Amino acid sequence: MSDLIHATSVIATKRDGAELTTPQIDWVVDAYTRGDVAPEQMSSLLMAIVLRGMTRREIDDWTRAMIDSGTRMDFSGLRRGGAVLPTVDKHSTGGVGDKITLPLAPVVASFGVAVPQLSGRGLGHTGGTLDKLESIPGWRADLTTAEMHAQLENVGAVICAAGADLAPADRKLYALRDVTGTVESVPLIASSIMSKKIAEGTGALVLDVKVGSGAFLPDEALARQLAQTMVSLGVDAGVRTTALLTDMDSPLGLTAGNAVEVAESLEVLAGGGPSDVVELTIALAREMLDAAGVLDADPAAALADGSAMDTWRAMITAQGGDPDAPLPRAPHTDDVTAQTSGYVHRIDARAVGDAAWLLGAGRSRPGEAVQASAGVVMHAKPGDRISAGSPLFTLHTQTPERFDAARARLDEAAVILPDSPSAIRPIVLDRIG
């Protein structure tokens, strides 16, 4: 331990509202990663950061220290036909029904761009991309760096788990934040996301920052602050970075779960699917292609002509999956019906996400198993008319004893009124960067 810096002094500095110095940040992140700072000490520091905040310089230093705790990936040598492949990634802050990565990666890759999509698993009410894909028979999330490079050169897209040596400080800190009530902090969220994305080595990055009841930051002002902070961190690190602020007040699409979301993604790749999923996929694809330097590309055409579906099939096959295998189906289903006739004004994204979790689609702690076939299928979106007694939600699970809790969570999830809504909140609220 340094004679000048120790855990108690670092905690006291932030507790009293002062700025942490660069040496203090470097020391405490490294020492905690190595096990020289106790979890209860880091918990105290994290809570002080939540309560006192961080300056932009502190956030920069904290992000860099987490990057330096591990290795950096390098995709600059990717080539196809002798030409260098541009790389671009997308990160979503998470939401309910957010299956956008599944159709988005193959859409962008179909234009000759490499998409290294390092994704995670769900926790609580927000689903995980890897959990969804693991409902496809044979598909595997864990790839070596050599396998990733080969797949990016041959297929153009890879969706897989991040290696243990990529920002290991963040992995350890996130697990602690999750159990100490210190997740909802702009400095800590921004540094967590961007340390992994910068270490990943992509040339460009598009952020999908969610706002609304189903988002980690429901408040729009805080979500906007998060987006601006992350864009600045990326740009300062030499990564071309932009962000879209998008709606998460209502679930995306008509499904929330694992296999049910894969099925809906396949509808989008086949040229159909819910309009909001298609709209956001195309909007993010345009941002990614522009960031990669591909001009005048039409992502909608890649969905219509089957090229995105071809890339999807190649991507799934390359990772051991069978794109033709039937997806798991829940042995038990139950309908929740509308109590009144009228127009749907709102469906609470958080309530739907919680219901899917209660049915077995999510986990309450890291490492817990999920049910591939569990989830919620919605039969109406805001603006749709529905009749009393008609199905509003269909619940899917392997364990029917879960139905009562899920139904109770959905009791007031839908707002149905006699008159049609005057306006529906747009899916893309703003662009930052």
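What you are looking at is a predicted structure, and each value in this text was computed from that prediction instead of being measured. Here the residue numbers are simple positions, counted from 1 along each chain's written sequence. Owing to the predicted nature of the model, reporting of local features is limited to residues with pLDDT of at least 70; listing and counting of side-chain atom pairs is limited to 80 or more, with chain, interface and lining totals taken over all residues. With hydrogens and water set aside, each side-chain value is computed from the structure's full complement of heavy atoms.

Asker: It is not clear to me how the overall build of the protein should be interpreted in this structure. Could you clarify?
Answerer: By the criteria applied, helices consist of DSSP H or I runs no shorter than four residues and strands consist of E runs no shorter than two, each listed in order from the N terminus. Secondary structure summary: the protein contains 16 helices and 15 strands in total. Only C-alpha atoms enter the radius of gyration, while the globule expectation follows 2.2 Å times N to the 0.38, with N the number of residues. Rg of the C-alpha trace for the protein: 22 Å, near the compact-globule value of 22 Å for 433 residues, within the 12% margin. In terms of principal-axis extent, the alpha carbons of the protein reach across some 70 × 55 × 40 Å. Only protein chains enter the calculation, and the probe is 1.4 Å; a residue is then buried if its accessible area is under 20% of its type maximum, exposed if over 50%, and partly exposed in between. The burial tally for the protein puts 54% of its 433 residues in the buried class. In the protein, the proportion of contacts linking residues at least 24 apart, taken out of those at least 6 apart, comes to 78%. Computed by Shrake-Rupley with a 1.4 Å probe, the accessible areas treat only the displayed protein chains as cover when residues are assessed. Of the roughly 17000 Å² of accessible surface on the protein, 51% is carried by carbon and sulfur atoms. Residues count as neighbours in contact if any of their non-hydrogen atoms are within 4.5 Å of one another.

Asker: What should I look at first to understand the sheet that holds strand 9 (residues 332-337) in this one?
Answerer: Consider a sheet: its strands pair through backbone hydrogen bonds, and that pairing is either parallel or antiparallel. In spatial order, the strands read 8-11-13-9; together these four strands make up an open sheet with antiparallel pairing. Both outer strands of the open sheet, strand 8 (255-257) and strand 9, are each paired with one neighbouring strand and no more. On average, adjacent strands in this sheet sit at an angle of 15° to one another, irrespective of strand direction. What makes two strands pair is DSSP finding at least two bridges between them. Sheet topology places strand 8 next to strand 11 (residues 375-378); three bridges connect them, and they run antiparallel. Each residue of the ladder has a partner; that of Thr255, found in strand 11, is Val377. This element, helix 11 (residues 259-269), spans strand 8 and strand 11 of the sheet and lies at about 140° to strand 8. Contacting strand 8, strand 11 and strand 13 (391-397), helix 15 (residues 349-358) runs over the sheet at an angle of about 135° to strand 11. Angles here are taken between N-to-C directions and fall from 0 to 180 degrees, while the axes themselves are lines fitted to C-alpha atoms, restricted in helices to the stretch in contact.

Asker: Is there a simple way to explain the environment of Phe393 in this structure?
Answerer: Within the secondary structure layout, Phe393 lies in strand 13. When neighbours within four sequence positions are excluded, Phe393 is seen to be in contact with Asp334, Asp335, Val336, Ile347, Val352, Val376, Val377, Met378, His379, Leu410 and Ala413.

Asker: Looking at this structure, how should I read the domain arrangement of the protein?
Answerer: Reports often express the size of an interface as the amount of accessible area lost when the parts come together. Domain extents, as shown, originate in an automatic or database domain assignment. Assigned domains within the protein: domain 1 (7-53), domain 2 (79-319) and domain 3 (332-417). If you average the C-alpha positions of domain 1 and of domain 3, the two centres end up 41 Å apart.

Asker: Just to check I follow, could you spell out the nonpolar core for this structure?
Answerer: Where a protein is soluble and globular, its nonpolar side chains tend to be buried together. We define a nonpolar core as any set of buried Ala, Val, Leu, Ile, Met, Phe, Trp, Tyr and Cys residues linked to one another through side-chain atoms lying within 4.5 Å. Core analysis: the largest hydrophobic core is formed by 72 residues, its most contacted members being Val108, Trp312, Val352, Val376, Phe393 and Leu395. Both domains that meet at this core, namely domain 2 (79-319) and domain 3 (332-417), each give it at least three residues. Counting residues in hydrophobic clusters, the runner-up holds 60 residues, among them Ala7, Val10, Ala65 and Leu166.

Asker: For this particular structure, what's the right way to read the packing of helix 2 (residues 22-34) against helix 8 (residues 168-180)?
Answerer: The description of two packed helices rests on the angle between their axes and on the distance between the axes. Contact pair helix 2 / helix 8: the axes reach a minimum separation of 9 Å and the direction vectors enclose 80°. Considering their axes alone, helix 2 and helix 8 lie roughly perpendicular with respect to each other. In this structure, helix 2 contributes Val29, Tyr32 and Thr33 to the contact, and helix 8 contributes Ala169, Lys172, Leu173 and Leu176. Its residues assigned to classes, the contact of helix 2 with helix 8 shows five nonpolar, one polar and one charged. Note that the term roughly parallel is reserved for angles under 35 degrees, roughly antiparallel for angles over 145, roughly perpendicular for angles of 65 to 115, and oblique for everything else. The residue classification treats Ala, Val, Leu, Ile, Met, Phe, Trp, Tyr, Cys and Pro as nonpolar and Asp, Glu, Lys and Arg as charged. All others, Gly included, are polar.

Asker: Just to check I follow, could you spell out the sheet that holds strand 15 (residues 428-432) for this structure?
Answerer: If you walk across this open sheet you meet the four strands as 3-6-7-15, and the pairing is mixed. Edge positions in the open sheet fall to strand 3 (88-92) and strand 15, since each of these has one partner strand only. Here the average twist between neighbouring strands, direction ignored, is 20°. Across eight bridges, strand 6 (residues 204-211) lies against strand 7 (residues 240-247) in parallel orientation. Pairing of Leu205 across the sheet is with Thr241, part of strand 7. Running at roughly 165° to strand 7, helix 10 (residues 220-236) makes contact with strand 6, strand 7 and strand 15 of the sheet.

Asker: Help me understand the pattern of salt bridges in this model?
Answerer: Any two side chains of opposite charge can pair, given that their charged atoms come close. By definition, a salt bridge exists where a carboxyl oxygen of Asp or Glu is found within 4 Å of a side-chain nitrogen of Lys or Arg. For the structure shown, the criterion picks out 31 salt bridges. Note that Arg64 is salt-bridged to Asp26, the shortest N-O span being 2.9 Å. A residue pair is termed long-range when its members are at least 10 positions apart, and Arg64 in helix 4 (residues 56-68) and Asp26 in helix 2 qualify at 38 residues. Residue Arg64 is classed as partly exposed on the basis of its relative accessible area of 29%. Here Asp208 ties to Lys210 by a salt bridge, and the two come within 2.8 Å at their closest N and O atoms. Residues joined by salt bridges that share partners form a network here, namely Glu19, Asp26, Arg57, Asp61, Arg64, Asp68 and Arg72.

Asker: Help me understand the pairing of strand 5 (residues 157-161) in this model?
Answerer: Sheet faces and side chains relate simply in a regular strand, where the side chains alternate between the two faces. Counting buried positions along strand 5 yields five of five residues, so the element is predominantly enclosed. Looking at chain direction, strand 4 (residues 115-119) and strand 5 are connected through five bridges and run parallel. Note on strand 5: the bridge partner recorded for Ser119 is Ala161.

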